[in-house]
Amino acid sequence: MRAHWTNTAIEHLLAIYEYIARDSRVYAQRMVDRLTQRSEQIAGFPLSGRMVLEYEAEDIREMIEKPYRIIYRIKPDQIDVLAVIHCAKLLPEEI
């Protein structure tokens, strides 16, 4: 199975990079690398993430890569990375 990053998730990833890069481009790139590597792990083991309590849907799960939550949807042929949200922020009502 493969991980597909939605446009929204890519925008989140770029915003994370830009925010961290204000202080250090090196650390910003490291965080982006950690998040994208985690998505590869998710693709290999999609059920390893826990269900997202806010959505109560079996196919929407999350993996934590501190300080971020990687929210993804399991589909029959791929994993859609829906969002990358800081753990301190609330999730939107719909994803």
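What you see is a predicted model; the values in this text were computed from it and never measured.

1. Focus on the sheet that holds strand E5 (residues 78–86)
- Strand order in the open sheet formed by five strands is E1-E5-E4-E3-E2, with mixed pairing between adjacent strands. At either end of the open sheet lies a strand with only one pairing partner, and these are strand E1 (2–5) and strand E2 (50–51).
- As judged from the seven bridges shared by strand E4 (residues 68–74) and E5, these two strands associate in the antiparallel manner. Residue pairing in the sheet places Tyr 68 in a bridge with His 86 of E5.
- Its contacts with the sheet place helix H1 (residues 7–21) against E1, E4 and E5, and it is angled at close to 40° to E5.

2. Describing the pairing of E5
- A large share of E5 lies buried, amounting to eight of its nine residues.
- Summarising the sheet, E1 and E5 pair through four bridges and their orientation is parallel. By the bridge assignment for E5, Arg 2 is matched with Gln 78.
- Counting the residues that bridge the hairpin from E4 to E5 gives three residues.

3. Some points on helix H2 (residues 25–44)
- For H2, spanning 20 residues, the distance from its first C-alpha to its last is 29 Å, which sits close to the expected 28 Å at 1.5 Å a residue.
- For H2, the full list of buried residues reads Ala 28, Met 31, Val 32, Leu 35, Ser 39, Ile 42 and Ala 43. One side of H2 holds all its buried residues, which, seen down the axis, span an arc of 125°. H2 presents Tyr 27 and Glu 40 as exposed residues on the side facing more than 90 degrees away from its buried surface.
- The inward-facing, buried residues of H2 abut E1, H1, strand E3 (60–65), E4 and E5.
- For H2, the capping residue at the N-terminal end is Ser 24, with a side-chain oxygen 3.4 Å from the backbone nitrogen of Val 26.

Each value, and the rule that gives it
- Every chain is numbered independently, its residues counted from 1 as its sequence is written.
- Per-residue local features of the predicted model are confined to residues with pLDDT of at least 70, and side-chain atom pairs are confined, for both listing and counting, to 80 or more; whole-chain, interface and lining totals are unaffected and use all residues.
- The side-chain numbers reported here are obtained from all heavy atoms of the structure, hydrogens and water having been left aside.
- Two strands form a pair only when DSSP identifies at least two bridges running between them.
- Per the convention used, a helix needs a DSSP run of H or I reaching at least four residues, while a strand needs a run of E reaching at least two, with both numbered from the N terminus.
- Residue contacts are defined here by distance: any two heavy atoms, one from each residue, within 4.5 Å place the two residues in contact.
- Each axis is a line fitted through C-alpha atoms, and for a helix only the stretch in contact is used; angles between axes span 0 to 180 degrees, taken between their N-to-C directions.
- When a residue's accessible area, from a 1.4 Å probe over protein chains only, is under 20% of the maximum for its type it is buried; when over 50% it is exposed; and in between it is partly exposed.
- Helix span is expected to be 1.5 Å times the residue number reduced by one.
- Here the arc refers to the set of directions running from the helix axis out to each C-beta atom.
- Under this definition, polar contacts are N or O atom pairs within 3.5 Å; protein pairs additionally need one hydrogen-donor-capable and one acceptor-capable atom, and for neighbouring residues in sequence, both atoms have to be side-chain atoms.

Scope: geometric values only; no functional claims are made or implied.
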